[in-house]
Amino acid sequence: MAGRGSSGGDLDNFSDIFSPADEFGAWRKFKEDRRSPYRSLAKAVDAAFAEIDAFTDVKSLDPSGLADLIDRTFDALNNIWGADSSDGYSYPQSRMAHVFDLLGKEIFMYVQRRLADCDLWGDNNGRVKTQLSNSARLLEQWCEVPRRLTSTFWSSGSHAWRSRYHEDVLCTSFARRLDQIVGLLTIADELKQIIPPSERSGFNFDRLFDPLKAMNPLFYNPYTEPQWNQAVKEFERRVDPIESAVATKFRRDIAPYMDNAQMLLEEFLKCKNLMNRPNIRRSTATERETLMTLLREKVKQMENAIDKGEILADGSDDEESKSSQGNDTGLNFRLGGKSSSQLVSMVIRLRQIGAKVADIFSTSKSLFEDLDGFSRYSAQCESVLSKVKAEQDSRFDNWLQDANQKVADDDASMQLSGSLLGWKEGILVVNFPESIVRFLRDYRQLDELGFELPKSGGKRRTIADFAMDCEKYLRFGILLKKTANFYNSISEQIIDVQEQLLLGSLTSFGNLVSNSTGKGRGSLTWSSPGECESFVKTLQSAAEKLSAENRALRKVHEWLGAQTIGLMGIELHRQNELWKSKWRQMKEKVQSIKSKYNEKDSKLWVLHWDHQIYKALEASYQMGLECINESIPDIKMELIFSNRALDFKPPLEQIRQSYYRDLKKFVNIPYTFEGFGNANIYKKMGPRNSKRLLQVYAKAEALFERLQEILSKYQEWTLLGQVDLDAYVEQHVKTSDEYVANFKMLRTKRKDIDKLPDVEKVDCCSVSLVPFKSFLDDLLLRAGDILLISLRRSLIEEFKEVDQFLEQSNEKLNKKPRTVEEIGEAKKQWKEIDNKRQPMMHLSRNCVEKKKLLLQYAPGTAIDISDITAKMANLDGEGGRWDDFDIAMEAHNDIIEQQKEVLKTFLEEEEVTINVEIDKFASKWKQLKPSDTKSWDPKDIQKIFDSLDDWKQQFSVLEVRTTKHVDGRLAFGMQSARFDGLEALQQDLITTSKSWDMLKEYMTEEKAISDEDWISFTNVYVLQDFAAKWADNMKATFSRESGRAIPLIKEWKDLFLEIGDKQSLLGSLKESPFFKAFSDVGLALEAKMTALDYILHTLNAIQRKWVYLEPIFARGALPAEEARFRRVDENFKDIMHTVVKDPKLFYLADEQYFPKLSDNLRHMLDQLERCQKALTEFLEAKRSSMPRFYFIGDDDLLEILGQAKNPAVIQSHLKKLFQGIHKVKFDANHKNITAMLSSANEVVDLEKPVAVTEKVEDWLEQLAHEMRATLASLLGRCLTAKQFDWNYPSQILCLSQNIRFTEQAEVAIEEGPKALQALRDQLESDLRDFTSHDLSSEPLLQLKMKSLVMDLVHNLDVVDQLIAKGTRSVQEWQWSKQLRYYFLKTKTVVRMHDAEFEYTFEYQGNAPKLVHTPLTDRCYLTLTQGMRMGFGGNPYGPAGTGKTESVKALASCFGRQVLVFNCDEALER
């Protein structure tokens, strides 16, 4: 049947067994199957598997539980293997091997799970290494189970293991892997231990484990082994560079210990793993040799100590005897102590030496195995161990021989005699021989050390028998020793205050001891073992009773003391119930003690504890007084906001009353406390703590001050609640940014409110802030609603303004003008709308921003925004109302232009109509105008006057019509209308009317005089004045008509000198003693001369300003100030005409001839100064718009501005405004400039014609822009042209030639000297070609050729310099210092060294070129470097050396305009 068992049958089929649970379940089924042939075997197997059923849930075990399970598994599997059924079946070997693998796999997975969360390569290596090591030991523990079972326990018998022992390869390899990880971590730790943190950065310690981190070493299988080995090799490779530094640092660290073997060995052992590394072993060979030498010397010293006998263990027999003498109680039994015999002490010492030598050798063996002297060191250690063994055996034999001899001879020192107890110097001692105690101690120590001692039981008495007998008496001695010690120390054990309570028990115990130590009949000796045992029991019982009673009282004392101390730590007021509870327990305990003893014996004890309780109560009382504010029962209060004020609920006064009531209750505690019965003791407590009571009341007031501070602390939170929020928001919040800031502030404040504590604790007062926070939340919510309402109202108002603007503007823009006036009004309205456009758009954007704010913050509130959002839906965005508005603005101009075209046709037709009407009016006027009259009858004359008025009225209507027509044409930019006959007709009408108007005026004044009553007419001089006035008028009229100019005063100097002389003469006359007679006349004359002096000086200033301004205003240069000047002009002419009529100077100071002349002259001078200032500002404005105007005079500028569309005037001033433009070419209509011409008649056609308009500054600026654009365009075409073309301007030809030369030279420099020579040959060829032409008949081409030749000659010189200097790179100085030209994509630049300037294309004309010399290059280089750094330049040298021409030539090279000023020293100042 064993064969059947071995063959297996169903037992060998375990293909469906994948876990221990499957195996356990299979055998359970076998057991439950009654027809199974394996049922009897299954019962035994199932019972064994039940012991290790924990494998089904192994993950729930801790490591110690798994270790126990593995131990149980050994026994369980052994029982299973040995089980045999009644039918001869046994457990198959193949199935058992499978079970080994299953269990090993479970343990393997358990370890993996346990280590999964470990940070293997982190900083906490110590904990990780411990976990790894423990896990490896678990694996090794399991691996040992199948190995031992299959190699030892199952190797023989009927059911033997028939193959090599089973080895769990997975667990063994995994354990080896874990040990490897521990070793790597240990190496890293030892490296870090040696290399300080400051030096680690150079060795990349933080990246040491990077190769190992790339994989998870816990995921072990045979396939990951190569990857792991490769990672370990990479780790080793990273460690190798560190080893030399480690060895050096280690050798430096151990240098101080090179003469101390023990410390040096410890240093080596700290780095035990590193010492196994070959490089470090080689580096520390010398130090290891030194350590081995030191250890050999140490071993030698121990060997010498053995030879000399210097091996006593911590003392000698002398010390032993001293120890014995110092034993006060007479019995010193300390096993292994200093009281052992000398021989035994020597044996122990020898055993210690042997162990030490063996330990040194075992720990140092791995350090020295590769050294040459290791064999000698090993032999020396083995020799010492042999010698130790021999000496140890010898000492033992001596002790054994001596002990046997004493026992055999009944030595007196080994006998017990005398009484049990005795007195020695007042101390109770035990009379037990010390020699017996030493013998027993030696015997026990030798037995424990493993020496072979004689056994008892033979016929002959041995030391073993003697030791057994001594053990009996030793027990009595030890008990008596304890009792004696208790008796001797009883006074120290009893607390003084408890002696009165223990007095009876102490007396009884003392009497029993005294009876046992007397010399009479009652004394006991060691010779009667029975009596000794009885006495010991009685004495021990009495001692235990007394000790128990003392312990009980002492325990009560300690308990009361602990409770008293505990009371000191309990706050009497805050923890009043706890204090009372402990006090009741103490009182009950004291009462129980008082009930056991009489009142007399317990009185002193109770008084003592009342005093202790007083201390505890006073400590708690004082503590309570110090913190009464905090310990009074918690007073609940709320912080509320009521009636626009912050307050407490309940009010502060009510809280104060409650507080002082609790305070009084606490202060009265000492007067009501009774204690254990001595109540008077506690009443002293109050007066002794009176100062603290004052502090208590001070703290109470401080408490209420702190409560008041809480009100102040939160006062600022209530500011919004103290104002009218609606009015405040309306007044201070306007813009969207302000609304945003306030909304954000509310959000921030809500968060701040959430951060406020719910409770403010002030000692015993708890102030709840919940109602206050609720109020703040409501307040902020209300503030938010008010902000939203205000925002909505503001948005509605602003949108209403924007909406009104858009509605009105669209209405105006969509209205088509029908007349010139309507067009003007439409333009005016468009301008007004355009001026309001940006403010309204800004307002509209504000509306949009505010709308966004409403949409952001209004949802979720009661604020309805649907209406305003609906109205603003199409305000902004594509297709919105502003887009419509912009389209209408743009379309309005188109509408006006369309209407203009219609009206232009109308104006053309109207011009013809008006000219026809003018001709008709002129023809009619010529026929009917009054020329002379045959009758001077007043009625006929009046008819002439009426006829002239009618003619004037008709002409006025016609003039108004022509004025409107001219204004209309001007508004449409049309050519001015020609009404040739109107001006002549007007002049004829004025001329004809002038005489008749004078006659009418004369007749009117004459009639006024003639109508007066002759009787009442008394002033006959009126007629004289009337005649004189009209005589003067006739003279003036006919004088003007004769063509005479306005008279001016000359020889002002002579006038001023003459007046000065007269004033001086009058002054000298005033000094005369005869002056008083004619002082009135003199003073009047002096006043006139003073007034005349002021008038002449003022008139002189007026005349000079008038002479300057009159031609300017005559041309209509400043229409805005023309009226002001005309008024002054008329006054000035009147004055001058009056002066001419009667040139007497004193008339100027006569009020009758010139009333208020001084004031009038002052006013005229002021008005002229205003006109001049307005003129200056006007010219400055024009110069600001066209900076070139700054460099021409006022007269020239005024002429240009006044004749903006006059080609002849413009041509004369262009050369003052532009560098090379001498004149320009106009089209046939003289409305557009088509070309510019130089002084040599070089014509440059403009790319785009420049329109000449009324605003001269605009079209001149456009001319400058078109000049630059045209030249830039010509340069591009010239550079791309395949053939040379003389038609290009001279400036463009020279510039393109220089650009090509720069490009060719840089290519040649990079290619080498041959390329430079080729370039030179090419330039010479070009020079010969240019100079071969005969251009004597072509002066313009001759100028162009001269310019090109000058540049070619300079370029040849540059190439010669490059060849001479051997230039190889464009970065070299020889090339970098040259003036170079580059044509880039968007601009043309000029470079010289590191300075770069953009070529500005100012037309230079055909100005002659400057001859280029080395001095010219130096001047150019200096000026360009100064300009690059933002500075100027100042060429210095004598006159006529070319300083100015050099600067002008450099400006020409840059294509810029240059202005030359002749400066003198006065200008510099």
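Attention here is on the structure that accompanies the text.

What counts, and at which threshold
Residues numbered from 1 in each chain as written. Predicted model: local features only at pLDDT ≥ 70, side-chain atom pairs only at ≥ 80, totals over all residues. Heavy atoms only, no water. Helix = DSSP H or I, 4+ residues; strand = E, 2+ residues; numbered from the N terminus. Buried < 20%, exposed > 50% of the residue type's maximum accessible area, 1.4 Å probe, protein only. Contact = heavy atoms within 4.5 Å. Areas by Shrake-Rupley, 256 points an atom, 1.4 Å probe, with all protein chains shown as cover. Phe/Tyr/Trp six-rings, centres within 6.5 Å; stacked < 30°, edge-to-face > 60°. Lys NZ or Arg CZ within 6 Å of the ring centre and 35° of its normal. Core = buried A, V, L, I, M, F, W, Y, C linked by side-chain atoms within 4.5 Å. Axes fitted to C-alpha atoms, helices over the stretch in contact; angles between N-to-C directions. Left-handed = near helix turned anticlockwise from the far one by under 90°. Nonpolar A, V, L, I, M, F, W, Y, C, P; charged D, E, K, R; others polar. Salt bridge = Lys/Arg side-chain N within 4 Å of Asp/Glu carboxyl O. Pairing = 2+ DSSP bridges. Patch = residues over 30% accessible without salt bridge, like charges linked within 9 Å, V, L, I, M, F, W, Y side chains within 5 Å. Lys, Arg positive; Asp, Glu negative; His and termini not counted. Charge placed at Lys NZ, Arg CZ, Asp CG, Glu CD.

1. What about the overall build of the chain?
So, step 1. Looking only at helices and strands, the chain has 51 helices and twelve strands in total.
So, step 2. The buried share among the 1469 residues of the chain stands at 41%.
So, step 3. Summarising the internal contacts of the chain: among those between residues at least 6 apart in sequence, 72% fall at separations of at least 24.
So, step 4. Surface accessibility of the chain: about 81,400 Å² in total, with carbon and sulfur atoms responsible for 51%.

2. Details of the packing of aromatic side chains
So, step 1. Tallied over the entire structure, the rule returns 27 aromatic pairs.
So, step 2. Between the aromatic rings of Trp81 and Trp161, the centroid separation amounts to 5.5 Å while the plane-to-plane angle is 45 degrees, which identifies the pairing as tilted. One end of the pair, Trp81, is in helix H4 (residues 63–82); the other, Trp161, is in the loop between helix H6 (125–153) and helix H7 (169–194), and 80 residues separate them in sequence. We note that Trp81, like Trp161, is buried.
So, step 3. Residues Trp154 and Trp161 carry aromatic rings whose centres are separated by 6.1 Å and whose planes lie at 35 degrees to one another, so their mutual orientation is tilted.
So, step 4. Since its relative accessible area comes to 2%, Trp154 is described here as buried.
So, step 5. Judged by its relative accessible area of 8%, Trp161 is buried.
So, step 6. Each member of the aromatic cluster is reached from another via a ring pair, and the members are Trp27, Phe30, Tyr38, Tyr89 and Tyr91.
So, step 7. If you follow Lys589 out to its NZ or CZ, it ends over the ring of Trp559, 5.4 Å from the centre.

3. Some words on the nonpolar core
So, step 1. By size, the foremost hydrophobic cluster in this structure holds 109 residues, and its most contacted members are Phe1218, Ile1233, Leu1260 and Trp1375.
So, step 2. Once you skip the residues sitting within four places of it in the chain, Leu1260 turns out to touch Met1186, Phe1189, Leu1214, Leu1217 and Phe1218.
So, step 3. Within the second largest apolar cluster, 105 residues are counted, among which are Val111, Leu178, Val182 and Val384.

4. Observations concerning the packing of helix H49 (residues 1414–1428) against helix H50 (residues 1443–1454)
So, step 1. Following both chains from N to C, one finds H49 and H50 inclined at 65 degrees, their axes separated by 11 Å at the closest point. You can see that H49 and H50 cross each other, and the crossing is right-handed. Across the interface between the two elements, Cys1419, Tyr1420, Leu1423, Thr1424 and Met1427 from H49 touch Ser1446, Val1447, Ala1449, Leu1450, Cys1453 and Phe1454 from H50.
So, step 2. In the contact of H49 with H50, the residues fall into nine nonpolar, two polar and no charged.

5. Overview of the pattern of salt bridges
Pairs may arise between side chains of opposite charge once their charged atoms sit close together.
So, step 1. The tally for this structure, following the rule as stated, stands at 24 salt bridges.
So, step 2. With its nearest N and O atoms 2.9 Å apart, the salt bridge here joins Arg177 to Glu225. Residue Arg177 is found in helix H7, and its partner Glu225 is found in helix H10 (residues 225–254); the two are separated by 48 residues along the sequence.
So, step 3. For Glu225, a relative accessible area of 23% puts it in the partly exposed group.
So, step 4. Here Lys1344 and Glu1242 are joined by a salt bridge, their closest N and O atoms 3.9 Å apart. In this pair, Lys1344 is assigned in helix H47 (residues 1339–1365) and Glu1242 in the loop between strand S8 (1232–1237) and strand S9 (1243–1251), connecting sequence segments 102 residues apart. For the residue pair Lys1344 and Glu1242, the accessibility class agrees, reading buried in each case.
So, step 5. A network of salt bridges, in which partner residues are shared, links Arg28, Lys31 and Asp46.

6. Considerations on the pairing of strand S3 (residues 635–642)
So, step 1. Residues Ile635, Met637, Leu639 and Phe641 of S3 are buried on one face, while the alternating residues Lys636, Glu638, Ile640 and Ser642, pointing to the opposite face, are not.
So, step 2. Pairing analysis gives four bridges linking S3 to strand S6 (residues 765–768), with the strands arranged parallel. Within S6, the position partnered with Met637 by the bridge is Val767.
So, step 3. Relative to strand S4 (residues 645–649), S3 is paired through five bridges, and the arrangement is antiparallel. From the neighbouring strand, Ser642 faces S4, where its bridge partner is Ala645.
So, step 4. Connecting S3 to the next strand, S4, in antiparallel fashion are two residues, including Asn643 with a positive phi near 55 degrees.

7. Some details on the sheet that holds strand S5 (residues 759–762)
So, step 1. With mixed pairing, four strands are arranged side by side in an open sheet as S4-S3-S6-S5. Two strands in the sheet have a free side with no partner beyond their single neighbour: S4 and S5. Strand-to-strand twist in this sheet, taken as the mean axis angle between neighbours without regard to direction, amounts to 25 degrees.
So, step 2. Relative to S3, helix H31 (residues 770–813) is tilted by about 20 degrees, and along the sheet it contacts S3, S4 and S6.

8. With respect to a nonpolar patch on the surface
So, step 1. Where nonpolar side chains cluster on the molecular surface, the patch consists of Tyr1190, Phe1191, Leu1459 and Phe1461 and spans about 400 Å² of accessible area.
So, step 2. Under the relative-accessibility criterion, Tyr1190 is labelled partly exposed at 39%.

9. Observations regarding the environment of Asp46
So, step 1. Note that Asp46 resides in helix H3 (residues 39–51).
So, step 2. The exposure class assigned to Asp46 is buried, which follows from its relative accessible area of 11%.
So, step 3. Distance in space between the C-alpha atoms of Asp46 and Phe30 is 9.2 Å, their sequence separation being 16 residues.
So, step 4. Sequence-distant contacts of Asp46, that is, excluding residues within four places in its chain, are made with Phe24, Arg28 and Lys31.

10. Considerations on the sheet that holds S9
So, step 1. Ordered in space as S7-S8-S9, the three strands form an open sheet in which the pairing is antiparallel. What marks the edges here is a single partner per strand, and that holds for strand S7 (1223–1226) and S9. Taken pair by pair, the neighbouring strands of this sheet meet at an average axis angle of 30 degrees, ignoring direction.
So, step 2. The pairing of S7 with S8 spans four bridges and is antiparallel. Bridging across to S8, Phe1226 finds its partner in Ile1233.
So, step 3. Helix H44 (residues 1256–1280) contacts S7, S8 and S9 of the sheet and is inclined by roughly 135 degrees relative to S9.

11. A few points about the side chain of Thr1367
So, step 1. One can find Thr1367 in the loop between H47 and helix H48 (1373–1376).
So, step 2. Of the residues examined, Thr1367 reaches a relative accessible area of 0% and is grouped as buried.
So, step 3. With sequence-adjacent residues up to four places away left out, Thr1367 is seen in contact with Ile1309, Leu1316, Leu1362, Glu1372, Gln1374 and Trp1375.

12. Re unusual backbone geometry
So, step 1. Here the residue pair Lys649 and Pro650 is connected by a cis peptide bond, since its omega of 0 degrees sits within 30 degrees of zero.
So, step 2. Mapped onto the elements of the fold, Pro650 is located in the loop between S4 and helix H25 (652–667).
So, step 3. Positive phi is not limited to glycine here, since His1393 has a value of about 60 degrees.
So, step 4. By secondary structure assignment, the location of His1393 is in the loop between strand S11 (1388–1392) and strand S12 (1395–1398).
So, step 5. A positive phi angle, near 60 degrees, is found at Phe1401, a position not held by glycine.
So, step 6. Residue placement: Phe1401 occurs in the loop between S12 and H49.

13. Points about a negative patch on the surface
So, step 1. There is a patch of like negative charges on the surface, built from Glu51, Asp62, Asp68, Asp71 and Asp75.
So, step 2. With three residues, H4 is the single largest residue contributor to the negative patch.
So, step 3. The topology assignment puts Asp68 in helix H4.

14. What to know about the pairing of strand S10 (residues 1380–1383)
So, step 1. Relative to S11, S10 runs antiparallel, the two being bridged by four bridges. The residue bridging Tyr1382 from the neighbouring strand is Val1389, located in S11.
So, step 2. Connecting the antiparallel pair S10 and S11 is a turn made up of four residues.

Purely geometric stuff here, so don't read any function into it on its own.
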